[in-house]
Amino acid sequence: MHTGLAIGGVLQSGSHDEFTLFGDAVNAAQRLERLCKTLNASIVVSREAISEARQIAAIDQWQWIDDVELDGLAGRVHI
């Protein structure tokens, strides 16, 4: 789970239409989701998403990990 600017729209391909999202936030969220299996976690959340959330249930039970580098994205993300 991540937060940030994303652009959404419908791609038309003749036989069907498909809604999709574009942007660095979407790419980061997808790469964080891939880490679930590696980390044996139900969900991987960036610090940015946590800071945007108004109320997080049982946040004291979450495990914090140092910054990680995500393929294709500049900088590191705290998860």
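Residues numbered from 1 in each chain as written. Predicted model: local features only at pLDDT ≥ 70, side-chain atom pairs only at ≥ 80, totals over all residues. Heavy atoms only, no water.

(A) Inspection of the overall build of the chain at higher detail. In terms of regular secondary structure, the chain is built from two helices and four strands. Helices and strands in the chain line up, N terminus first, as β-β-α-α-β-β. Relative to the globule expectation of 12 Å for 79 residues, the C-alpha radius of gyration of the chain, 15 Å, shows a markedly less compact shape. In terms of principal-axis extent, the alpha carbons of the chain reach across some 50 × 30 × 20 Å. Relative to its 79 residues, the chain shows a buried fraction of 22%. Of the roughly 6,200 Å² that the chain leaves accessible, carbon and sulfur atoms contribute 49%. (Helix = DSSP H or I, 4+ residues; strand = E, 2+ residues; numbered from the N terminus. Rg over C-alpha atoms; globule rule 2.2 N^0.38 Å. Buried < 20%, exposed > 50% of the residue type's maximum accessible area, 1.4 Å probe, protein only. Areas by Shrake-Rupley, 256 points an atom, 1.4 Å probe, with all protein chains shown as cover.)

(B) Seen up close, a nonpolar patch on the surface. There is a patch of nonpolar side chains on the surface, built from Ile7, Leu11 and Phe22 and spanning about 310 Å² of accessible area. Positionally, Ile7 belongs in strand 1 (residues 7-12). (Patch = residues over 30% accessible without salt bridge, like charges linked within 9 Å, V, L, I, M, F, W, Y side chains within 5 Å. Salt bridge = Lys/Arg side-chain N within 4 Å of Asp/Glu carboxyl O.)

(C) Up close: the nonpolar core. The biggest cluster of nonpolar side chains holds ten residues, and these are Ala28, Leu32, Leu35, Cys36, Val44, Val68, Leu70, Leu73, Val77 and Ile79. Counting residues per element, this core draws most heavily on helix 1 (residues 24-39), which supplies four residues. Sequence-distant contacts of Ala28, defined by excluding residues within four places in its chain, comprise His2, Leu70 and Leu73. (Core = buried A, V, L, I, M, F, W, Y, C linked by side-chain atoms within 4.5 Å. Contact = heavy atoms within 4.5 Å.)

(D) Highlighting the environment of Glu52. Within the secondary structure, Glu52 is located in helix 2 (residues 47-52). On a C-alpha basis, the gap between Glu52 and His78 in space is 14 Å, while along the polypeptide they are 26 residues apart.

(E) Just the pairing of strand 1, in detail. Across the six residues of strand 1, zero count as buried, placing the element largely on the outside. Linking strand 1 to strand 2 (residues 17-22), which pair antiparallel, is a turn of four residues; within it Gly14 sits at a positive phi near 85 degrees. (Pairing = 2+ DSSP bridges.)

(F) A look at the environment of Val44. When you line up the elements, Val44 lands in the loop between helix 1 and helix 2. Its relative accessible area of 5% is what places Val44 among the buried residues. Ignoring sequence-local partners within four residues, the contact set of Val44 consists of Met1, Leu32, Leu35, Cys36, Leu39 and Ile79.

(G) Quick peek at helix 1. The end-to-end C-alpha distance of helix 1, which contains 16 residues, comes to 22 Å, matching closely the 22 Å that a straight helix rising 1.5 Å per residue would cover. Of the residues making up helix 1, those classed as buried are Ala25, Ala28, Arg31, Leu32, Leu35 and Cys36. Buried residues along helix 1 sit against strand 3 (67-69). (Expected span 1.5 Å × (residues − 1).)

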